[in-house]
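As a plain string of letters, each chain reads:
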Amino acid sequence: MLVVDDEEDVAEAYALKLRDRYEIELAYGGEQALEKAGDHVTAVLLDRRMPDVHGDDVLVELRERGYDFPIIMVTAVDPDLNILEMDFDDYLCKPVDKETLLSTLDQHIDAPGSDPRLEEFFQLLSKLSVLEAERTPSELEDDEEFKRLKRRAVELSNELRQSMDDFEEVVETYRSLERGSGTSL
């Protein structure tokens, strides 16, 4: 796993929280993250605001290189509507405790063979939940992309309810993580 943060003490704190379960590699900025990324990486914890290469640009570059490992944004940057078009797997607002980090990673790494619709649903739910927690309803109600993604999340939710016996339990576990208030679907 690659932990990326330009603040060395923050990156090292996350490494300490995760080292019992994951092999950790540290990158102290976006440039180092791009140098260290490779097929050996199982997931990335990625800060957004970094002085050398912004986390948003690192995310785009990693996806353009074809890496499909989970990328979890772990950041103090207040989310804005621009996150709707970003290709991350989850979004956590700092500070993040050990339990939330481990649970989030468990959901994304340790779910082999899961339904791709479920993965898409959780990506959408993460974005929608964070925005609903950080933005006012009036800021969101006029945004067409937000409304389109919310409709897609409802569609996926309905499909998954029909095909998964434990869908509600899986969603409840996901929502128990501290990302902000959850969206209701």
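Everything numeric in this text was worked out from a predicted model, so none of it was measured.

Attention shifts here to the packing of aromatic side chains. Tallying each qualifying case throughout the model produces four aromatic pairs. Between Phe88 and Tyr91 the ring centres are 5.5 Å apart and the planes differ by 50°, which places this aromatic pair in the tilted class. Tyr91 sits in the buried class, given a relative accessible area of 0%. Three or more aromatic residues joined by ring pairs form one cluster here, namely Phe121, Phe122 and Phe167. One Lys or Arg, Lys127, reaches over the ring of Phe88 and ends 5.1 Å from the middle of that ring.

Here Arg48 is to be found in the loop between β3 (44-46) and α3 (55-64). Within the structure, Arg48 has its side chain in polar contact with the side chain of Tyr91 (distance 3.0 Å).

Let's shift gears to the side chain of Asp143. Note that Asp143 resides in the loop between α6 (137-141) and α7 (144-163). One buried charged side chain, Asp143, makes no salt bridge at all; its nearest oppositely charged neighbour is Lys147, positioned 8.3 Å away. A polar side-chain atom of Asp143 sits 2.7 Å from the main-chain amide nitrogen of Phe146. For Asp143, the contacting residues outside a window of four places in its chain are Leu81 and Leu84.

Moving on: a negative patch on the surface. Taken together, the side chains of Glu7, Glu8, Asp9 and Glu12 define an acidic patch exposed on the protein surface. Following the sequence through the fold, Asp9 ends up in helix α1 (residues 8-18).

Let us now look at the packing of α1 against helix α4 (residues 98-109). Geometry of a packed helix pair, given as the angle between the helix axes and the separation of the axes. Relative orientation of the contacting elements α1 and α4 amounts to 70°, with a least axis distance of 10 Å. It follows that α1 is roughly perpendicular to α4 by the angle criterion. Both α1 and α4 take part in a crossing whose hand is right-handed. Facing α1, whose interface residues are Tyr14, Lys17 and Leu18, α4 presents Lys98, Leu101, Leu102 and Leu105. Considered class by class, the residues forming the contact of α1 with α4 number five nonpolar, no polar and two charged.

With five of five residues buried, strand β4 (residues 71-75) is to be regarded as a mostly interior element. Burial of β4 is two-sided: the residues Ile71, Met73 and Thr75 facing one way and the residues Ile72 and Val74 facing the other way are all buried. For β3 and β4, the ladder comprises three bridges, and the chain directions are parallel. Bridging across to β4, Leu45 finds its partner in Ile72. Taking the sense of rotation as the criterion, the β-α-β connection linking β3, α3 and β4 turns out right-handed. Direction of pairing for β4 relative to strand β5 (residues 90-93): parallel, over a ladder of four bridges.

Spatial strand order, β2-β1-β3-β4-β5: five strands in an open sheet with parallel pairing. Of all strands in the sheet, those bounded by a partner on one side alone are β2 (25-27) and β5. Sheet twist, expressed as the average angle between the axes of neighbouring strands with direction ignored, equals 20°. Sheet contacts for α1: β1 (2-4), β2, β3 and β4; angle to β2, the most-contacted strand, approximately 165°.

For the rest of this paragraph, the subject is the nonpolar core. In terms of nonpolar packing, the biggest core is built from 42 residues, with Val44, Leu46, Leu62 and Phe121 touching the most fellow members. For this core, the element with the highest residue contribution is helix α5 (residues 116-134), accounting for eight residues. Not counting the four nearest positions on each side in its chain, Leu62 is found in contact with Leu34, Ala37, Val44, Tyr67, Phe69 and Ile71. Ranked by size, the runner-up nonpolar core spans 18 residues in total, among them Met1, Ala15, Leu26 and Ala43.

Criteria and cut-off values
- Residues numbered from 1 in each chain as written.
- Predicted model: local features only at pLDDT ≥ 70, side-chain atom pairs only at ≥ 80, totals over all residues.
- Heavy atoms only, no water.
- Phe/Tyr/Trp six-rings, centres within 6.5 Å; stacked < 30°, edge-to-face > 60°.
- Buried < 20%, exposed > 50% of the residue type's maximum accessible area, 1.4 Å probe, protein only.
- Lys NZ or Arg CZ within 6 Å of the ring centre and 35° of its normal.
- Helix = DSSP H or I, 4+ residues; strand = E, 2+ residues; numbered from the N terminus.
- Polar contact = N/O pair within 3.5 Å; in protein donor to acceptor, adjacent residues only side chain to side chain.
- Lys, Arg positive; Asp, Glu negative; His and termini not counted.
- Salt bridge = Lys/Arg side-chain N within 4 Å of Asp/Glu carboxyl O.
- Contact = heavy atoms within 4.5 Å.
- Patch = residues over 30% accessible without salt bridge, like charges linked within 9 Å, V, L, I, M, F, W, Y side chains within 5 Å.
- Areas by Shrake-Rupley, 256 points an atom, 1.4 Å probe, with all protein chains shown as cover.
- Charge placed at Lys NZ, Arg CZ, Asp CG, Glu CD.
- Axes fitted to C-alpha atoms, helices over the stretch in contact; angles between N-to-C directions.
- Parallel < 35°, antiparallel > 145°, perpendicular 65-115°, else oblique.
- Left-handed = near helix turned anticlockwise from the far one by under 90°.
- Nonpolar A, V, L, I, M, F, W, Y, C, P; charged D, E, K, R; others polar.
- Pairing = 2+ DSSP bridges.
- Right-handed = clockwise from strand over helix to strand, strands pointing away.
- Core = buried A, V, L, I, M, F, W, Y, C linked by side-chain atoms within 4.5 Å.

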